[in-house]
Amino acid sequence: MLLCIETATKNCSIALWDGQQMVATRAERGDRFIHGERLHVLIKELLEEHSFSFNALTGICVGKGPGSYTGLRIGVSTAKGLCFASGIPLYSVPTLGCFDFSNCTTPFVITVLDARRDEVYAQVWRLGEDGLTPDGAVEAVIITDDSWKSLQNEQVTIIGEGAEKIDQFMTHVPKNWQLQANSDPDAKYMGQHLSVLPIAEDVAYFEPYYLKDFVAEKSKKKFF
């Protein structure tokens, strides 16, 4: 039984997977990051609700990013702490692969997450006989009319909150592109990466895949 955790966006989600079968899932999404307050509570509630002991877990799988620095740090820290304390392996999967692809029928899919300003974190996927497979590397893409120029004559589905930026910063979105902005990465979709378990991570040294350096914003609060 694997506990899956995905916290790279404001969607804080967990799921229990038994092989290829999802046993249970919970998720909460807010206007702000609730992960620090709610993640451990959600795990405890989910296990108790389905009468599972923590000792029944054979490993933990976490979405490794890219995404929010805060969200990733909380999710990965939680996963590492639980694995270290219980002696079970830690696995990771790419956050940009934790979307619902079940209704995607276009030859290409691009998953996109907000990377602030006019950028998105993006992964291009190609639909083939074996389903969706990555087509190139994960990138931080500045949105312009030339973004993904090689795909602008292709049938493409774009999934994720970053789709809103494509609509905002591209003056002419190709007519054959479908934008699905109302979709979040979620632990309940991690099973599509777990038919063969990835190589276990080193619990002591594993770090999230931030892709970009963290930039602290100046507080807008007035203290004096």
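Quick caveat, the model's predicted, so the values are computed rather than measured. (Residues numbered from 1 in each chain as written. Predicted model: local features only at pLDDT ≥ 70, side-chain atom pairs only at ≥ 80, totals over all residues. Heavy atoms only, no water.)

*Asks:* Outline the nonpolar core, supporting the account with residue identities and numerical values.
*Replies:* Leu3, Ile5, Ile14, Ile43 and Ile60 are the most contacted members of the largest nonpolar core, which has 23 residues in total. Elements with a minimum of two residues in this core: β1 (2-6), β2 (11-18), α1 (35-49), β4 (59-63) and α2 (69-86). Tallying contributions element by element places α1 first for this core, with five residues. The next biggest cluster of nonpolar side chains, apart from the first, holds 16 residues, and it includes Val112, Ala122, Ile143 and Leu151. (Core = buried A, V, L, I, M, F, W, Y, C linked by side-chain atoms within 4.5 Å. Buried < 20%, exposed > 50% of the residue type's maximum accessible area, 1.4 Å probe, protein only. Helix = DSSP H or I, 4+ residues; strand = E, 2+ residues; numbered from the N terminus.)

*Asks:* I'd like a description of the sheet that holds β1, backed by residues and values.
*Replies:* Pairing in this open sheet of five strands is mixed, and the strands run β3-β2-β1-β4-β5 from one edge to the other. Bordering the open sheet on either side are β3 (21-29) and β5 (90-93), each of which pairs with just one other strand. For this sheet, the mean inter-axis angle between neighbouring strands, taken without regard to orientation, is 20°. Along the sheet, α1 makes contact with β1, β2 and β3, crossing β2 at roughly 30°. Against the sheet, α2 contacts β1, β4 and β5, and its axis sits at roughly 170° relative to β4. (Pairing = 2+ DSSP bridges. Axes fitted to C-alpha atoms, helices over the stretch in contact; angles between N-to-C directions. Contact = heavy atoms within 4.5 Å.)

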